[in-house]
Amino acid sequence: MSNLIAEVEKFSKSKPVVIFMKGSQDFPQCGFSARAIQVLKMAGAKEIADFDVLSDDPMWGALEDFTKWPTVPQIFIGGQFIGGCDIVTEMYERGELSEAIEKAGK
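Residues numbered from 1 in each chain as written. Predicted model: local features only at pLDDT ≥ 70, side-chain atom pairs only at ≥ 80, totals over all residues. Heavy atoms only, no water.

1. Quick look at the packing of helix H2 (residues 31–42) against helix H4 (residues 85–94)
Here comes step 1: The contact between H2 and H4 brings their axes to 9 Å, and the two run at 25°. As far as their axial angle goes, H4 and H2 are roughly parallel. Crossing of H2 against H4: the hand is left-handed. Residues Phe-32, Arg-35, Ala-36, Val-39 and Met-42 of H2 form the contact with H4, whose own contacting residues are Cys-85, Val-88, Thr-89 and Tyr-92.
Here comes step 2: Residue composition of the contact of H2 with H4, by class: 7 nonpolar, 1 polar and 1 charged. (Axes fitted to C-alpha atoms, helices over the stretch in contact; angles between N-to-C directions. Helix = DSSP H or I, 4+ residues; strand = E, 2+ residues; numbered from the N terminus. Parallel < 35°, antiparallel > 145°, perpendicular 65-115°, else oblique. Left-handed = near helix turned anticlockwise from the far one by under 90°. Contact = heavy atoms within 4.5 Å. Nonpolar A, V, L, I, M, F, W, Y, C, P; charged D, E, K, R; others polar.)

Below, the structure written as structure tokens:
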């Protein structure tokens, strides 16, 4: 399992904004994943790396072990785990999400 956790960590740092979600950003498979993508884009995220947890159960398990967070989507900005849909929505409403995305892109 530790190899998969290392893969999760590596992917979480592959772009300034990374989302582990159900489906893809073009075809989300749940409302929370769709909303998280929408909020990230509204906040100015241009390059978002996505990983479909439905396509890889062992990787999903490793993601949960890595973050200790039981649900998806899971969003990373600048390699740091931020949280899920509700947290990024709240950050967006407070104006913090755009700042975090801008900082991570530099």
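2. Details of the pairing of strand E3 (residues 74–77)
The two faces of the sheet receive side chains in turn, since in a regular strand these alternate between them.
Here comes step 1: Here E3 shows a buried face lined by Gln-74 and Phe-76 and a second buried face lined by Ile-75 and Ile-77.
Here comes step 2: Here strand E1 (residues 17–21) runs beside E3; their pairing, made up of 4 bridges, is antiparallel. Of the residues in E3, the one forming a bridge with Ile-19 is Ile-75.
Here comes step 3: Pairing geometry for E3 and strand E4 (residues 80–83), over 3 bridges, is antiparallel. When the sheet's bridge partners are listed, Ile-77 is paired in E4 with Gln-80.
Here comes step 4: Between E3 and E4, which follow one another and run antiparallel, lie 2 residues, and Gly-78 among them has a positive phi close to 60°. (Buried < 20%, exposed > 50% of the residue type's maximum accessible area, 1.4 Å probe, protein only. Pairing = 2+ DSSP bridges.)

3. A look at the side chain of Thr-67
Here comes step 1: One can find Thr-67 in helix H3 (residues 57–67).
Here comes step 2: Given a relative accessible area of 12%, Thr-67 falls into the buried group.
Here comes step 3: At a separation of 3.2 Å, a polar atom in the side chain of Thr-67 contacts the main-chain amide nitrogen of Trp-69.
Here comes step 4: Only 2.8 Å separates the side chain of Thr-67 from the side chain of Gln-74, close enough to count as a polar contact.
Here comes step 5: Look past the residues within four positions of Thr-67 in its chain and what remains in contact with it is Gln-74, Phe-76 and Phe-81. (Polar contact = N/O pair within 3.5 Å; in protein donor to acceptor, adjacent residues only side chain to side chain.)

4. Here we look at the sheet that holds E3
Here comes step 1: If you trace the 4 strands from one edge of the open sheet to the other, you get E2-E1-E3-E4, paired in mixed fashion. Here the strands that pair on one side only, and so sit at the sheet edges, are strand E2 (48–52) and E4. Taken over all neighbouring pairs, the strand axes of this sheet differ in orientation by 25° on average, direction set aside.
Here comes step 2: Along the sheet, H3 contacts E1, E2, E3 and E4; its crossing angle with E3, the most-contacted strand, is approximately 60°.
Here comes step 3: In the packing of H4 onto the sheet, contacts are made with E3 and E4, and the angle to E4 comes to roughly 90°.

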